[in-house]
Amino acid sequence: EEEEEAAGHVKTTVLGDTATMKRLLDDHAAEVLQGELGYEEDVALSNVKLAVGFAGVAAALVSHVYPAPFPQNWWVLLACCAWYFAMSGVLQVLLSYVELDAFLQLKPKTAGVPGINVASSLPRFCDRYTLALTPLPKGSLHMHSAPKFHPKTASAEGMNCLDVSVTKYFDEDGVFHEHIFGEDVTALAQGYEDKYGAGAAAKKSN
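Reading the values: the criteria
Residues numbered from 1 in each chain as written. Predicted model: local features only at pLDDT ≥ 70, side-chain atom pairs only at ≥ 80, totals over all residues. Heavy atoms only, no water. Helix = DSSP H or I, 4+ residues; strand = E, 2+ residues; numbered from the N terminus. Buried < 20%, exposed > 50% of the residue type's maximum accessible area, 1.4 Å probe, protein only. Contact = heavy atoms within 4.5 Å. Phe/Tyr/Trp six-rings, centres within 6.5 Å; stacked < 30°, edge-to-face > 60°. Expected span 1.5 Å × (residues − 1). Arc of directions from axis to C-beta. Pairing = 2+ DSSP bridges.

Student: I keep staring at the overall build of the protein and nothing clicks. Help me out?
Tutor: A count of helices and strands for the protein gives six helices and six strands. Shown N-terminal to C-terminal, the secondary structure of the protein runs as helices and strands in the order α-β-α-α-α-β-β-β-β-β-α-α. Here the protein holds 206 residues, and 37% of them are scored as buried. The contacts in the protein between residues at least 6 apart in sequence include a share of 65% that link residues at least 24 apart.

Written as structure tokens, this is what we have:
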């Protein structure tokens, strides 16, 4: 802790600002999983969202460069608006019904085992932070058919999750103790590997 403070790496937040606390926790979980544990991000779904977003923005470009003045181009403007709202609707559906509380998707380290969907929850005015690692059997493009993370029932459903008070990771001054949280994330990932990893898959095949 003292070394981190000397190096200027200490992260702080205002206690009660659950949005910032959740972002710090989520960001560090991603750092541990991708950095220390060596998982590679599955960006397929992110690429789809980018393509849909650019397609929506393209409607604005078309409406500006179409070679006809208003009102002769009214039908072009109408079509561009409809297209933009349609693309926005697609993104909203992905966010509300597919991704839910997920913030990161990871590829498996070994072929033949499921990837990892990383999701979290920290409700407003609540101190309970839940971090879950759920399987992605067919990758991020098939998240709609993968197991869904529901914070209130995750533990009861047997999901591989961490449910703990944020007071374990933030002291009374709002200092974020990354090393403590990092150890818990590592243990959670190890539990996931024990349940879904190559060793577990080999036992099932036998």
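Student: I keep staring at the packing of aromatic side chains and nothing clicks. Help me out?
Tutor: A ring pair, where both rings are aromatic, is described by two values, the distance of the centres and the angle of the planes. Under the counting rule described, the total for this entry stands at seven aromatic pairs. Summarising the aromatic geometry, the rings of tyrosine 66 and tryptophan 75 are spaced 5.7 Å apart at their centres and angled 80° between planes, so their arrangement reads as edge-to-face. Summarising the aromatic geometry, the rings of tyrosine 84 and phenylalanine 85 are spaced 5.7 Å apart at their centres and angled 75° between planes, so their arrangement reads as edge-to-face. The exposure class assigned to tyrosine 84 is partly exposed, which follows from its relative accessible area of 41%. What makes phenylalanine 85 exposed here is its relative accessible area of 59%. Put simply, the rings of Tyr129, Tyr169, Phe170, Phe176 and Phe181 touch in pairs and so form one group of aromatic residues.

Student: Looking at this structure, how should I read helix H3 (residues 44–65)?
Tutor: Since there are 3.6 residues in each turn of an α-helix, residues three or four apart along the chain are aligned in direction. With 22 residues, H3 extends 31 Å from end C-alpha to end C-alpha; this agrees with the ideal 32 Å at 1.5 Å per step. The set of residues buried in H3 consists of Leu45, Val52, Gly56, Ala59 and Ser63. Down the axis of H3, the buried set is contained in an arc of 35°. They therefore lie on one face. Opposite the buried face of H3, by more than 90 degrees, sit the exposed residues Phe54, Val57, Leu61, His64 and Val65. Elements in contact with the buried residues of H3: helix H4 (74–99).

Student: I keep staring at the pairing of strand S4 (residues 128–136) and nothing clicks. Help me out?
Tutor: Consecutive side chains along a regular strand alternate between the two faces of the sheet. Extensive coverage of S4 is indicated by the burial of eight of its nine residues. With seven bridges connecting them, strand S3 (residues 115–121) and S4 associate as antiparallel partners. What sits directly across from alanine 119, in S4, is alanine 132. Counting the residues in the hairpin turn of S3 and S4 gives six residues, including phenylalanine 125, whose phi is positive at 60°. As paired elements, S4 and strand S5 (residues 160–165) share six bridges and run antiparallel to each other. Its bridge partner lying in S5, tyrosine 129 is registered against valine 164.

In short, the description is geometric, and any link to function would need to be established separately.
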